[in-house]
Amino acid sequence: MRRPLCVFCVGTLGVELVCAFLPQTGLLLPFAAFFVPALLWLLFGKNSRGYGVCLLLGALVGLLLTAHTRQKLDRVHTAYADREVTLTAEVEEVSASYYPGVVHAVLRVEPTGGEKTAFRVECVCMPKCTAGERVQARFALEVPARTQQLSSYADGIALSGEYLSGMKHLGPSESFRAKTARLQRRLSAALRKGMAQGPAGVLAAMVLGDRTHLSKDLRSAYRAAGLSHVLVVSGMHVSILCGSVFAKYLPEKKKRERGYASRRRQALFSAAMALLLAGVTGLTPSVLRAATAVWVSALGVWLYGPPDALTSLGVAGVWMTLGNSYAVCDIGFELSFAAVLGTLAGAELARKGRRFPLLRNSVWETLCVSACASAATFPVLVLWGLSASLYALVSSVAVLWLMEPILQLGLATALLGCWPALAPLHRVCSLCAATLAGCLNRWALWVSGWPGAQIWFDTAYAAAVCLLAVIAGAAVWTQFFQIYSTVELSVNPHFSIRLNRRDQVRAVDGVNGDAQALLEGRSYRGWTLEATVNSLMDELALKGYLTSPQDQVDVLAASKALPHAQKLREEVEALVAAKLSGLDAPEPEPAPSPEPIPSVTAAPAPTPSPSVGDTPAPAVPVSPAVPPSPSPAVSYAPIPTPAPVPTPAPTPTPAPTPTPAPIQPQPLTEADVESMVRALFPDGKIQKIKLDEDDGVSYYEVMLKDGKEKIDLEIDAYTGEVLDLDYDD
């Protein structure tokens, strides 16, 4: 079973999402929505019972987290809703208001009276203050409006507050979040020093998450050009910084290392970079999600676990919802996860396209990643009633190459600006960063003027279209792209034929070196199984691997449905037998014929002409053994007497020539056996491979686990033939 923790996280996040959007159903509907599929999985999915258990456990954890969040909200509402109270709080976020002298602020209420009351209050009109300071004032608190409850709870805001009187500034807060907010403001000022307003605002938003200096025109232009994600520090920014810096600026020798020591150093460096970016951006939720995924992945490397982006992403999501199950409804949360899923799908698509020489370039990879990320975030945008741009894909492909140098130069400019002694270097980095940001601004302004730059969708209509698109996409993937069956052909070249549900060939892989040499430059994608088997058999016969009908070809089939596997094996065995029967058997050598004995032939005797009046006498037969008396008119052929055959002298017998020792075949390696087993059982987890011998036959004993089944194989160490196959539940 692969990714059990990822399936567990899917169950947890799915239940939290259903409970948040359908609160009127209580806990019955979400529990049923995940319990019933999990139960069916347990009953009918023989190889998927582990997934069903993980999904069910995740759903139960999601229900517990949802109940815990609702209990906290009910307790806060009971104590503070519809009351006028004096609160001491820390100002977390501040944004400009339409009225002079007031701001829109988000406050975190400090514990009072020895009781821990951790909740946030949103105040629309509040006297001017700055993020990171402590204030005290009297507020009128109430529950957020029903239309705003979901978004407010997703941000951790439990109550809405109206400022009444008694505003007091108590000085800067000493909390970690307040310190990071002050660090963010200091770095933002150092970054924007000496720059024009446009590039400075974009750089502050991209590098540090400070969006307060962005003009409204640039915000609209980036939204119309489909580049809004560029201005929000998210997982893409974390991935670029954590991956590119390590890959480019470490010595070549270290980059070539493949051991766990190198992977641990890289994981530690990536975790440190994620921590730095999370600190300078003020611990914003989008950066925290991406950084948590990086930290989980690094922890897996240090614990000798295989790196898995989906598992890290799921764990990061559950971690972010431990204190607030409504966090799954945050649009930034959903866009971040959708973009990461799209990026992973694009990377996989680009990897599969590398088999074609024309697609082995960075342009193809950028196109795949951008297209899949845009397609993944599109449903989130339309479901939230936001605009989508027709040119998001074009814009992303055109400017993605600018992201890496802008982030690196912007971060260097912000850090160098904190030390006056490095002012010359700061000016150089600032000039380069401002130039690149200016190019990005000009592109966004140009694209935003194209027709159809902003398209708005009706939410209900868009939801129905997205649902149908997801169902259609899943059906197409299941029927045409998912690997459903595998057929093995083994002579000495060993081939693995992977098929979809319609028995169309998705790929043909060479398990050993001979098969890989025969498949070089060939592609059987989209062929039928019959045509593929016939082509491979013809190629084997042409190369001399098959010469007579007595040659043996081993056939093994595996499928998600056992009857289908048996059917495939019978079909392929019939095709192989037909091809073998068409091979010409060697003709037997003819036996040597005896030498002919020379025959003796008598010459015919001429008959004398009779005279007139004479009576002809009857002819008398003449025996060839007794010659008649000589007559001048008759001639005889002499009987040849065979000459005596001389007896040959005995010749000395030559010494026997030593016969060279036969070349011993080399057994298969464990790597070859592992490739064969993975081709037969793609989802299996190999537990042991051991070389053994019995009655003079060398074979590999392989133990693996596929779902809940334990499988034991015995594979011939020289031919690769599967000698025994046992299933054990």
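Residues numbered from 1 in each chain as written. Predicted model: local features only at pLDDT ≥ 70, side-chain atom pairs only at ≥ 80, totals over all residues. Heavy atoms only, no water.

A. Broad picture of helix 19 (residues 529-542). Taking 1.5 Å per residue as the helical rise, helix 19 with its 14 residues ought to reach 20 Å, and the 20 Å between its terminal C-alpha atoms agrees with that figure. Along helix 19, the residues classified as buried are Leu-529, Thr-532, Val-533, Asn-534, Ser-535, Leu-536, Met-537, Glu-539 and Leu-540. Close packing links the buried residues of helix 19 with strand 6 (485-490), strand 7 (494-499), strand 8 (505-510), helix 18 (513-519) and helix 20 (562-581). Directly after helix 19, the chain includes Gly-544, whose backbone phi takes a positive value near 90 degrees. (Helix = DSSP H or I, 4+ residues; strand = E, 2+ residues; numbered from the N terminus. Expected span 1.5 Å × (residues − 1). Buried < 20%, exposed > 50% of the residue type's maximum accessible area, 1.4 Å probe, protein only. Contact = heavy atoms within 4.5 Å.)

B. Main features of the sheet that holds strand 3 (residues 120-127). Around the barrel, which closes on itself, the five strands sit in the order 1-2-3-5-4 with mixed pairing between neighbours. Across the sheet, the axes of successive neighbouring strands diverge by a mean angle of 50 degrees, strand direction being ignored. Examined bridge by bridge, strand 3 and strand 5 (residues 157-172) share four bridges and lie parallel to one another. Of the residues in strand 5, the one forming a bridge with Val-121 is Leu-159. (Pairing = 2+ DSSP bridges. Axes fitted to C-alpha atoms, helices over the stretch in contact; angles between N-to-C directions.)

C. Representation of the confidence of the model for the protein chain within the structure. Confidence along the protein chain averages 75 in pLDDT terms, with 73% of residues attaining 70 or more. When the criterion is pLDDT under 50, residues 244-259 qualifies, and its contacts beyond four places in sequence or with other chains add up to 18 contacts. Scored below 50 in pLDDT, residues 597-642 shows twelve contacts in the model against residues more than four places distant or in partner chains. (pLDDT = per-residue confidence, 0-100.)

D. Main features of the packing of helix 1 (residues 4-21) against helix 12 (residues 309-320). The N-to-C vectors of helix 1 and helix 12 enclose an angle of 35 degrees; their axes lie 8 Å apart at closest approach. Judged by the twist between their axes, the crossing of helix 1 over helix 12 is left-handed. Counted together, Leu-5, Cys-6, Cys-9, Thr-12 and Leu-13 of helix 1 and Leu-310, Thr-311, Gly-314, Val-315, Gly-317 and Val-318 of helix 12 form the full contact between these two elements. Split by residue class, the contact of helix 1 with helix 12 holds seven nonpolar, four polar and no charged. (Left-handed = near helix turned anticlockwise from the far one by under 90°. Nonpolar A, V, L, I, M, F, W, Y, C, P; charged D, E, K, R; others polar.)

E. Molecular detail of the environment of Asp-724. As for its position among the elements, Asp-724 is in strand 13 (residues 722-728). With relative accessibility at 28%, the residue Asp-724 sits in the partly exposed group. Considered as a pair, Asp-724 and Leu-713 are eleven residues apart in the sequence and their alpha carbons are 5.5 Å apart. Sequence-distant contacts of Asp-724, that is, excluding residues within four places in its chain, are made with Asp-712, Leu-713 and Glu-714.

F. Geometry of the packing of helix 7 (residues 216-224) against helix 16 (residues 423-448). Running from amino to carboxyl end, helix 7 crosses helix 16 at an angle of 70 degrees, the nearest separation of the two axes being 8 Å. Judged by the angle between their axes, helix 7 and helix 16 are roughly perpendicular. The way helix 7 lies across helix 16 gives a crossing that is left-handed. Two secondary-structure elements touch here, helix 7 through Leu-218, Ala-221, Tyr-222 and Ala-224 and helix 16 through Leu-440, Asn-441, Ala-444, Leu-445 and Ser-448. For the contact of helix 7 with helix 16, a count of residues per class yields seven nonpolar, two polar and no charged. (Parallel < 35°, antiparallel > 145°, perpendicular 65-115°, else oblique.)

G. Structural context of the pairing of strand 7. Across the six residues that make up strand 7, a large majority, five, are buried. In this structure, strand 6 lies alongside strand 7, joined through six bridges in antiparallel fashion. By the bridge assignment, Leu-489 is partnered in strand 7 with Phe-495. Adjacent in sequence and paired antiparallel, strand 7 and strand 8 are bridged by five residues, among which Asp-503 carries a positive phi angle near 60 degrees.

H. Representation of the sheet that holds strand 6. With antiparallel pairing, the four strands of this open sheet are ordered in space as 8-7-6-9. The open sheet is flanked by strand 8 and strand 9 (554-559), the only strands paired with a single partner. Across the sheet, the axes of successive neighbouring strands diverge by a mean angle of 15 degrees, strand direction being ignored. Across five bridges, the pairing between strand 7 and strand 8 is antiparallel. Among the inter-strand pairings, Leu-499 is bridged to a residue of strand 8, identified as Val-505. In this fold helix 20 packs onto strand 6, strand 7 and strand 9, with an angle of close to 155 degrees to the strand it touches most, strand 9.

I. Examining the state of the cysteines more closely. Summed over all chains, the structure comprises zero disulfides. A disulfide-free cysteine, Cys-432 has its sulfur positioned 6.7 Å from the sulfur of Cys-429, the nearest such atom. (Disulfide = S-S within 2.5 Å.)

J. Structural context of the packing of aromatic side chains. Counted according to the given criterion, the structure contains seven aromatic pairs. Ring centres 6.4 Å apart and planes at 70 degrees place the aromatic pair Trp-443 and Trp-450 in the edge-to-face group. Ring geometry for Trp-446 against Trp-450: centres 4.9 Å apart, planes inclined by 85 degrees, an arrangement best described as edge-to-face. Here a set of aromatic residues connected by ring pairs shows up, and it is made of Trp-443, Trp-446 and Trp-450. (Phe/Tyr/Trp six-rings, centres within 6.5 Å; stacked < 30°, edge-to-face > 60°.)

K. Structural context of the pattern of salt bridges. Enumeration according to the criterion identifies nine salt bridges in this entry. For Asp-509, the salt bridge is made with Arg-498, and the minimal N-O distance between the two is 3.1 Å. In this pair, Asp-509 sits in strand 8 while Arg-498 sits in strand 7, placing the two residues eleven residues apart along the sequence. For Asp-509, a relative accessible area of 31% gives the class partly exposed. Accessibility expressed as a relative area gives 27% for Arg-498, which makes it partly exposed. (Salt bridge = Lys/Arg side-chain N within 4 Å of Asp/Glu carboxyl O.)

L. The arrangement of the nonpolar core in detail. In this structure, Leu-191, Val-202, Met-206, Tyr-222 and Leu-440 are the most contacted members of the largest nonpolar core, which totals 44 residues. Among the secondary structure elements, those contributing two or more residues to this core are helix 5 (176-192), helix 6 (197-208), helix 7, helix 10 (260-280), helix 11 (285-302), helix 15 (392-416) and helix 16. The leading source of residues in this core is helix 6, at eight residues. Within the second largest apolar cluster, 37 residues are counted, among which are Val-85, Val-91, Ala-105 and Tyr-153. (Core = buried A, V, L, I, M, F, W, Y, C linked by side-chain atoms within 4.5 Å.)

M. Local environment of helix 20. Here helix 20 contains 20 residues, and its C-alpha end-to-end distance of 29 Å stays within 8% of the 28 Å for a straight helix at 1.5 Å per residue. For helix 20, every residue scored as buried is listed here: His-564, Ala-565, Leu-568, Val-572, Leu-575, Val-576 and Leu-580. Angularly, the buried residues of helix 20 cover 135 degrees about the axis, an arc narrow enough to put them on a single face. Along helix 20, exposed side chains directed more than 90 degrees from the buried face belong to Pro-563, Lys-567, Glu-570 and Ser-581. For helix 20, the elements touching its buried residues are strand 6, strand 7, helix 19 and strand 9. (Arc of directions from axis to C-beta.)

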